[in-house]
Amino acid sequence: MLMEHVDGEDKGKTVLFALSTCGWCKKTRMLLEELGVEYDYIYVDLLQGAERKEAIENVEKWNPKLSFPTLVINDEETIVGFNEDKVREILG
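Keep in mind that this is a model prediction, so the values were computed, not measured.

### Some points on unusual backbone geometry
Of the consecutive residues phenylalanine 68 and proline 69, the connecting peptide bond is found in the cis state with omega at -5°. With respect to the helices and strands, the residue proline 69 is situated in the loop between α2 (49-62) and β4 (70-73). The phi angle at leucine 66 is positive, at roughly 55°, despite the residue not being glycine. Tracing the backbone shows leucine 66 in the loop between α2 and β4. Under the relative-accessibility criterion, leucine 66 is labelled partly exposed at 28%. Phi angles above zero are rare outside glycine, and aspartate 75 is one such case at about 50°. On the secondary structure map, aspartate 75 appears in the loop between β4 and β5 (77-80).

### Focus on the pattern of salt bridges
For the structure on display, the rule yields six salt bridges. Two residues, aspartate 75 and lysine 13, come together in a salt bridge whose shortest N-O distance is 3.3 Å. With a gap of 62 residues between them, aspartate 75 in the loop between β4 and β5 and lysine 13 in the loop between β1 (4-6) and β2 (14-18) connect regions that are remote in the sequence. The exposure class assigned to aspartate 75 is partly exposed, which follows from its relative accessible area of 44%. According to the relative accessible area criterion, lysine 13 is partly exposed, its value standing at 45%. A cluster of three or more residues bridged by salt bridges with shared partners is formed by Glu34, Glu84 and Arg88.

Quick notes on the rules
Sequence order sets the numbering: in each chain, residues are counted from 1 along the sequence as written. At least 70 in pLDDT is required for a residue's local features to be given in this predicted model, at least 80 for side-chain atom pairs to be given and counted, and no such filter applies to totals for whole chains, interfaces and linings, which use all residues. Excluded from the side-chain calculations are hydrogens and water; all other atoms, namely the structure's heavy atoms, are used. To qualify as a helix, a DSSP run of H or I must reach at least 4 residues; to qualify as a strand, a run of E must reach at least 2; elements of each kind are numbered from the N terminus. Using a 1.4 Å probe on the protein chains alone, a residue whose accessible area is under 20% of its type maximum counts as buried, one over 50% counts as exposed, and one in between counts as partly exposed. Think of a salt bridge as a Lys or Arg side-chain nitrogen and an Asp or Glu carboxyl oxygen that are within 4 Å of each other.

Written as C-alpha cells, this is what we have:
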C-alpha cells in the first residue's frame with residue numbers, strides 16, 4: 001500500500017486514511033499542514049483490488065466503523081472524524 005508523504009516536523013508516525021471527496025478529510029489535512037506535522041496519507045476511495053482491500057483492513061483495525069477521516073498516531077492513538085482540539089492536543 002503506497003502512501004503519499006508530506007514533509008514536516010516529526011511528531012511520531014502519523015497516518016491519515018481519507019477519501020478524496022471528503023470535506024472533513026480535507027480539513028484534517030489542512031490542519032496537519034497548518035501544524036507543520038510530517039505525515040503519510042492515502043485516499044482509500046482511489047485504490048483498487050488488493051491494495052484497496054489492504055487499506056480497508058488497516059482502517060478497520062483502528063476504526064471498526066470504517067468512517068473517514070481516520071488518523072492514527074504512533075500506532076497507539078486514533079482520532080476518528082475531524083476533531084481539531086484532539087489533533088492540536090496530541091500534535092500541536
